[in-house]
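Chain by chain, the residues:
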Amino acid sequence: MGRFDPRIGCWARCFGFSLGVALGAACLADDPHPPVANADAPIAKQTAGILFEIRSPESAGPSYLLGTIHSADARVAKLPAPIRAAFEGSTGFALEVIPDSTAIIKSMVTMTYTDGRTLRDALPEDLYRETAAALGELGMSEDAFRDFKPWAVVTLLSVPPSDSGEFMDMALYRDALARHKRIVGLETMEEQLAVFDDLDERDQVGLLRETLESRDQLPAMLEGLIVAYLARDLDALVRLSERSLEDGDPRIAALFREAAVDARNPRMAARMLPLLDQGGWLIAVGALHLPGEGGLLARLRERGYSVSAVY
């Protein structure tokens, strides 16, 4: 298998996905502090910003589209005033997947073998031993991970530890519940997990091996991602994403581009249209789903919606 950066594992957790943003992080370890726009500078580019006002021809009231990053970093958790105002002023909140108990159960079923096989059956012995040692460092016993599929282990090893567990999208979801807002998921858990679960097992094993080889690079990569996000520089995220796809295995790169971004954008756009026509919604999705010709911002404009950057 070619050299495809395994940090695509950051695309996912068991719930509250922000797959698109982490795609842009896939090559950050080589350049952990890329040049980004000044975070306090005015928004000038069409694809700059992380919060956009969306106005439907069918509704007098606006909705807002927020690009998120799946991080519990304190710099991200403290929402800027424009985002907080958009959230508090909304009557409904939509996110990629509703992380309720049903979704969590479905994720655990999908992440594990149900045919009698185990992780040990799927891995060469040397890789299994290395995997067991790495998961042991996370406090997981063999009984805890024995049934996991290789891609599930990749996600476990690629997500940074969190004291609070309050990733950005999860914190917004909890707040929406507490405020009794209407809550809608744009995708099902099955649709999101298919990004990984549809991978050939050989590719899953290859990704796991490379994940173990590059774990020490993860902190610098995540820091670079956060810096770019805080600067609201979607162009930088796109450049990083494209560079990672160019440098990796072309077959795997094309597969992930299609499954994680290209195939999901039209689906999410179609499902948010009825909400935008109602007005009064805050819709939160991974930030990398916003820019580009096939991104959500362009798709909404093509359908006659007014799209303007707020923050």
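Residues numbered from 1 in each chain as written. Predicted model: local features only at pLDDT ≥ 70, side-chain atom pairs only at ≥ 80, totals over all residues. Heavy atoms only, no water.

1. Re the overall build of the chain
For step 1, the next point in the chain: Along its length, the chain carries 16 helices and 6 strands.
For step 2, the next point in the chain: Of all 311 residues assigned to the chain, the portion counted as buried reaches 53%.
For step 3, the next point in the chain: Sequence separation of at least 24 residues holds for 84% of the intrachain contacts in the chain that already meet a minimum separation of 6.
For step 4, the next point in the chain: When the accessible surface of the chain is totalled, it reaches about 13,000 Å², and 51% of it is carbon and sulfur. (Helix = DSSP H or I, 4+ residues; strand = E, 2+ residues; numbered from the N terminus. Buried < 20%, exposed > 50% of the residue type's maximum accessible area, 1.4 Å probe, protein only. Contact = heavy atoms within 4.5 Å. Areas by Shrake-Rupley, 256 points an atom, 1.4 Å probe, with all protein chains shown as cover.)

2. As for the nonpolar core
For step 1, the next point in the chain: If you look at the biggest cluster of nonpolar residues, it comprises 49 residues, and the most contacted ones within it are Leu 65, Phe 93, Ile 283 and Leu 300.
For step 2, the next point in the chain: Top element by residues in this core is helix α15 (residues 264–278). It accounts for 6 residues.
For step 3, the next point in the chain: Within the second largest apolar cluster, 27 residues are counted, among which are Ala 103, Leu 127, Ala 134 and Leu 135. (Core = buried A, V, L, I, M, F, W, Y, C linked by side-chain atoms within 4.5 Å.)

3. A short note on the packing of aromatic side chains
For step 1, the next point in the chain: Across all of its chains, the model carries 3 aromatic pairs by this definition.
For step 2, the next point in the chain: Judged by centre distance (5.6 Å) and plane angle (10°), the rings of Trp 151 and Phe 196 are stacked. On the criterion of sequence distance, the pair formed by Trp 151 in helix α8 (residues 150–158) and Phe 196 in helix α10 (residues 189–197) is long-range, its members being 45 residues apart. Across the pair, Phe 196 and Trp 151 agree in class, each one buried.
For step 3, the next point in the chain: Across from the ring centre of Phe 87, 5.0 Å away, lies the NZ or CZ of Lys 181, which sits over that ring. (Phe/Tyr/Trp six-rings, centres within 6.5 Å; stacked < 30°, edge-to-face > 60°. Lys NZ or Arg CZ within 6 Å of the ring centre and 35° of its normal.)

4. What to know about helix α12 (residues 218–230)
For step 1, the next point in the chain: Compared with the 18 Å implied by 1.5 Å per residue over 13 residues, the 18 Å span of α12 between its first and last C-alpha is a close match.
For step 2, the next point in the chain: In the stretch just after α12, Arg 232 is the one whose phi turns positive, near 60°. (Expected span 1.5 Å × (residues − 1).)

5. A look at the confidence of the model for the chain
For step 1, the next point in the chain: Overall, the predicted model of the chain reaches an average pLDDT of 82, with 79% of residues at or above 70.
For step 2, the next point in the chain: Low pLDDT, under 50, characterises residues 1–46; the predicted model gives this stretch 151 contacts beyond four residues in sequence or across chains. (pLDDT = per-residue confidence, 0-100.)

6. Some thoughts on the environment of Phe 52
For step 1, the next point in the chain: Within the secondary structure layout, Phe 52 lies in strand β1 (residues 51–55).
For step 2, the next point in the chain: Each C-alpha atom of the pair Phe 52 and Tyr 311 lies 7.0 Å from the other, and the pair is 259 residues apart in sequence.

7. As for the packing of helix α6 (residues 125–137) against α8
The relative placement of two packed helices is expressed as an angle between their axes plus a distance between the axes.
For step 1, the next point in the chain: One can describe the packing of α6 onto α8 by two numbers: an axis separation of 10 Å at closest approach and a directional angle of 40°. Put simply, α6 runs oblique to α8. Judged by the sense of rotation from one axis to the other, the crossing of α6 with α8 is left-handed. For the pair formed by α6 and α8, the contact residues are Thr 131, Ala 134 and Leu 135 on the first element and Val 153, Leu 156 and Leu 157 on the second. (Axes fitted to C-alpha atoms, helices over the stretch in contact; angles between N-to-C directions. Parallel < 35°, antiparallel > 145°, perpendicular 65-115°, else oblique. Left-handed = near helix turned anticlockwise from the far one by under 90°.)

8. Focus on the pattern of salt bridges
For step 1, the next point in the chain: Across all of its chains, the model carries 21 salt bridges by this definition.
For step 2, the next point in the chain: Here Glu 191 ties to Arg 271 by a salt bridge, and the two come within 2.8 Å at their closest N and O atoms. Of this pair, Glu 191 sits in helix α10 while Arg 271 sits in helix α15, and the two are 80 residues apart along the sequence.
For step 3, the next point in the chain: By relative accessible area, which is 36% here, Arg 271 ends up partly exposed.
For step 4, the next point in the chain: What you see here is one network of salt bridges that share partners, running through Glu 96, Glu 187, Glu 191, Arg 264, Arg 267 and Arg 271. (Salt bridge = Lys/Arg side-chain N within 4 Å of Asp/Glu carboxyl O.)

9. Examining the sheet that holds β1
For step 1, the next point in the chain: The strand order across the open sheet built from 6 strands is β4-β3-β5-β2-β1-β6, with neighbouring strands paired in mixed fashion. The sheet is open, and its two edges are formed by β4 (182–185) and β6 (306–309), each paired on a single side. Adjacent strand axes in the sheet meet at a mean angle of 20° when their direction is disregarded.
For step 2, the next point in the chain: Note: strand β2 (residues 63–68) against strand β5 (residues 281–286), 5 bridges, orientation parallel. Counterpart to Leu 66 in the pairing with β5 is Ala 284.
For step 3, the next point in the chain: Strand contacts of helix α3 (residues 81–88): β1, β2, β3 (92–95) and β5, with the helix running at about 40° to β1, the strand carrying the most contacts. (Pairing = 2+ DSSP bridges.)

10. Notes on the environment of Pro 99
For step 1, the next point in the chain: You can see Pro 99 is positioned in the loop between β3 and α4 (101–111).
For step 2, the next point in the chain: Taking the C-alpha atoms as reference, Pro 99 lies 9.7 Å from Arg 174; in sequence the two are 75 residues apart.

11. Considering unusual backbone geometry
For step 1, the next point in the chain: The phi torsion at His 180 lies on the positive side, around 60°, for a residue other than glycine.
For step 2, the next point in the chain: Inspection of the secondary structure assignment puts His 180 in the loop between α9 (168–178) and β4.
For step 3, the next point in the chain: Despite not being glycine, Arg 232 shows a phi value in the positive range, around 60°.
For step 4, the next point in the chain: By the secondary structure assignment, Arg 232 is in the loop between α12 and α13 (234–247).
For step 5, the next point in the chain: For Arg 232, a relative accessible area of 8% puts it in the buried group.

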